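Observations on the three-dimensional arrangement
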Amino acid sequence: MSRDFDWSLLTIAVILSLFGIIAIYSATHYAQEPGIDYSSNFFSREANIWIKQLIWLLLSLMVSILVANFNYHNFWNLAWFLYILSLVLLILVLIVGDEKSGAKRWLDFAHVSFQPTELAKISIIFILAKFFTKQMSYHFSHNIYHSYLFVFLKTIALPVGLVLLPFILIIKQPDLGSALVLLPILFAILFCAGVPKRFIFGIVFIGLALLPFLWHLLRDYQKVRFLVFLNPDLDPLGAGYTITQSKIAIGSGQLLGKGWLSGTQNQLNFLPERHTDFIFSIIAEEWGFLGSILILSLYFLLVWRMIRISSKINDPFGRFICIGISVFLSFQILVNIAMACAMMPVVGLPLPFISYGGSFL
């Protein structure tokens with residue numbers, strides 16, 4: 001590895017991942033009692049999930065070593081290839097993807113499921129970084145020879161179009177949460193590239209104006225989730241059930257938590273999706289406020305370190321990549337934890353490094 005390799009980033013990511021494996025084990029563990037047949041219950045089907053996550057982590061560390069020895073400038077030439085590949089895979093998901101819980105989000109290769117959405121997030125960062133690096137020689141503040149329309153089409157319409165293509169394909173799966181991740185990545189890179197704020201605010205205004213029309217494009221369950229966010233008592237035994245149980249789990253952890261493998265909402269199977277979308281609720285219940293603060297502090301250090309690195313990079317392409325990935329991670333962390341605390345609607349975003357899922361790692 002390069003002498004400039006940032007070991008703090010790797011260390012924090014590994015600590016979070018190992019903490020995730022511990023939480024996943026707890027989320028899929030049930031204390032067996034003598035005389036009870038567990039052969040057909042959740043325990044027997046999901047007992048090895050933490051082992052799968054450990055294997056994914058080991059494979060991911062091997063990949064990270066390869067990438068660390070790979071000059072990131074090579075991604076300049078690979079940007080379009082990765083972008084087109086992600087679009088092809090997203091289209092394949094809609095055609096031949098595995099359907100789980102009414103959604104097509106996975107491709108199955110030799111009994112290994114892969115979620116192309118994760119590749120799409122990274123490919124968007126690379127393609128936007130390449131696009132705006134080329135635009136750096138184009139001075140946004142000296143466009144006296146061009147109309148506003150020309151500048152808008154050249155600097156805004158193209159990158160927005162590049163994001164909209166995977167955004168629409170991901171929405172069709174449907175996966176609203178992953179689609180929304182692409183938007184802060186776009187706006188962050190637009191801002192850091194020096195695009196005039198009037199253009200950025202123009203995009204935001206157009207998006208807000210389209211919200212009433214976008215509402216009709218949402219699936220019924222997505223509409224219910226939003227309405228339940230506004231009024232949790234609207235469907236307490238249906239769409240509001242998970243949020244209610246999540247809040248109970250987080251609140252009951254108090255300062256020090258109930259202890260590993262001792263969370264009642266977890267071990268008594270009250271909280272659904274606890275090894276994926278609501279893994280933070282399990283951590284808060286079993287490790288308490290102090291354990292939650294520890295996790296949040298590690299995330300803060302991870303993102304802060306990435307922002308510090310981006311501020312020191314003179315190469316625009318590298319800086320845009322670093323900014324894009326830091327915003328991508330920050331948004332998922334914020335949305336997942338806010339979702340678990342009932343501060344945002346449930347959109348199905350996993351918690352980075354901690355939630356179960358090999359594609360992200």
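All residue numbers refer to position in the chain's written sequence, counted from 1. Selection of residues for local features in this predicted model requires a pLDDT of at least 70, selection of side-chain atom pairs for listing and counting requires 80 or more, and totals for whole chains, interfaces and linings are taken over all residues. Note: side-chain values were computed over all heavy atoms of the structure, leaving out hydrogens and water.

Our focus in this paragraph is the packing of helix H1 (residues 7-27) against helix H3 (residues 49-68). Running from N to C, H1 and H3 cross one another at 165°; their axes reach a closest spacing of 8 Å. By the angle between their axes, H1 is roughly antiparallel relative to H3. The crossing of H1 and H3 is right-handed. Residues Leu10, Val14, Ser17, Leu18, Ile21, Ile24 and Tyr25 of H1 touch H3, and the partners they reach there are Ile49, Trp50, Gln53, Leu54, Leu57, Leu61 and Ser64. Of the residues contributing to the contact of H1 with H3, the split by class is 11 nonpolar, three polar and no charged. Where helices are involved, their axes are fitted lines through C-alpha atoms of the stretch in contact, as for all axes, and angles between N-to-C directions lie from 0 to 180°. A run of H or I in DSSP counts as a helix once it spans at least four residues, and a run of E counts as a strand once it spans at least two, with each numbered from the N terminus. Note on terminology: angles under 35 degrees are roughly parallel, angles over 145 are roughly antiparallel, angles of 65 to 115 are roughly perpendicular, and the others are oblique. Left-handed is the label given to a crossing in which the near helix is rotated counterclockwise from the far helix by less than a right angle, and right-handed is the label when the rotation is clockwise. Any two residues having at least one pair of non-hydrogen atoms within 4.5 Å are treated as being in contact. Three categories are distinguished: nonpolar for Ala, Val, Leu, Ile, Met, Phe, Trp, Tyr, Cys and Pro, charged for Asp, Glu, Lys and Arg, and polar for the others, with Gly belonging to the last.

In this section: helix H7 (residues 176-192). One less than the residue count of a helix, multiplied by 1.5 Å, gives the span that helix is expected to have. Between its terminal C-alpha atoms H7 stretches 26 Å, which fits the 24 Å expected from 17 residues at 1.5 Å a residue. Residue burial is assigned from relative accessible area. The probe radius is 1.4 Å, only protein chains are included, and a residue is buried under 20% of its type maximum, exposed over 50%, and partly exposed in between. If you check which residues of H7 are buried, you get Gly177, Ser178, Ala179, Val181, Leu182, Ile185, Leu186, Ala188, Ile189 and Leu190. The positive-phi residue at the C-terminal boundary of H7 is Gly194, with phi of around 85°.

Moving on, we come to helix H9 (residues 220-230). Because each turn of an α-helix spans 3.6 residues, side chains separated by three or four positions in sequence point in the same direction. Every buried residue of H9 is listed here: Gln222, Lys223 and Val228. As for H9, its buried residues are in contact with H7 and helix H8 (197-215).

Now for the nonpolar core. Soluble globular proteins tend to bury their nonpolar side chains together. One finds Leu128 and Phe132 to be the most contacted residues of the largest nonpolar core, which totals 72 residues. Those elements giving two or more residues to this core turn out to be H1, helix H4 (74-96), helix H5 (116-135), helix H6 (148-171), H7, H8, helix H12 (279-312) and helix H13 (316-340). It is H13 that contributes the most residues to this core, 11 residues altogether. Not counting the four nearest positions on each side in its chain, Phe132 is found in contact with Thr155, Pro159, Ile189, Leu190, Ala193, Val195 and Phe320. In these notes, a set of buried Ala, Val, Leu, Ile, Met, Phe, Trp, Tyr and Cys residues joined through side-chain atoms within 4.5 Å is what counts as a nonpolar core.

The next thing to look at is the packing of aromatic side chains. Classification of ring pairs uses Phe, Tyr and Trp, with its six-membered ring standing for Trp, and accepts pairs whose centres are within 6.5 Å; under 30 degrees between planes counts as stacked, over 60 as edge-to-face, and the remaining range as tilted. For the coordinates displayed, the defined rule picks out 12 aromatic pairs. Seen in terms of ring centroids, Phe5 and Trp7 are 4.8 Å apart; in terms of plane orientation they differ by 70°. Their pairing is edge-to-face. On the accessibility criterion, Phe5 (22% relative accessible area) is partly exposed. One aromatic cluster is present, built from ring pairs that chain together Tyr25, Trp50 and Trp260.

A few words now on the side chain of Thr117. Of note, Thr117 is situated in helix H5. Residue Thr117 is classed as buried on the basis of its relative accessible area, which comes to 0%.

Attention shifts here to the pattern of salt bridges. Basic side-chain nitrogens of Lys or Arg form a salt bridge, by our definition, when they fall within 4 Å of a carboxyl oxygen of Asp or Glu. What the rule picks out here adds up to three salt bridges. Between Lys121 and Glu118 there is a salt bridge whose closest N-O contact spans 3.4 Å. With Lys121 and Glu118 both in helix H5 and three residues apart, the pair spans about one turn of that helix. The class of Glu118 is buried, set by a relative accessible area of 9%. Linking Lys258 and Glu285 is a salt bridge whose minimum nitrogen-to-oxygen distance equals 3.3 Å. In this pair, Lys258 is assigned in the loop between helix H10 (241-252) and helix H11 (264-267) and Glu285 in helix H12, connecting sequence segments 27 residues apart. Accessibility expressed as a relative area gives 0% for Glu285, which makes it buried.

We now examine the sheet that holds strand S1 (residues 98-100). In short, DSSP must find at least two bridges between two strands for them to pair. Taken in spatial order, the three strands make up an open sheet running S1-S2-S3, and their pairing is antiparallel. Of all strands in the sheet, those with a lone pairing partner are S1 and strand S3 (112-114), marking the two edges. Ignoring which end each strand starts from, the neighbouring axes of this sheet average 45° apart. Across three bridges, S1 lies against strand S2 (residues 103-109) in antiparallel orientation.

Side-chain positions along a regular strand alternate between the two faces of the sheet. In terms of strand pairing, S2 meets S3 through three bridges, oriented antiparallel. The residue of S3 that forms the bridge with Leu107 is Phe114. The loop that links S2 with its antiparallel partner S3 comprises two residues; one of these, Ala110, has a positive phi angle of about 50°.

This paragraph deals with the confidence of the model for the protein. The predicted model of the protein averages 84 in pLDDT, with 88% of residues at 70 or higher. A residue's pLDDT is the predictor's confidence in that residue, given on a scale from 0 to 100. A low-confidence stretch, residues 31-45 stays under pLDDT 50, and its non-local contacts, those more than four residues away or across chains, total 15 contacts.

A cluster of nonpolar side chains, namely Val204, Phe205, Ile206, Leu208, Leu210, Leu211, Phe213, Leu214 and Leu217, defines an oily patch on the protein surface of about 920 Å² accessible area. By the element assignment, Leu214 lies in helix H8. Residues enter patches when they are more than 30% accessible in relative terms and free of salt bridges; like-charged ones are connected within 9 Å and nonpolar ones (Val, Leu, Ile, Met, Phe, Trp, Tyr) within 5 Å. Accessible surface area values rest on a Shrake-Rupley calculation with a 1.4 Å probe, where residue burial reflects the displayed protein chains alone.

With respect to the secondary-structure elements, Ser17 resides in helix H1. N or O atoms within 3.5 Å of each other form a polar contact, as long as, within protein, one can give a hydrogen and the other can take it, and as long as residues adjacent in sequence are counted only when both atoms are side-chain atoms. A polar atom in the side chain of Ser17 sits 2.8 Å from the backbone oxygen of Ala13. Dropping the residues within four chain positions of it, Ser17 is found in contact with Leu57, Phe353 and Leu361.

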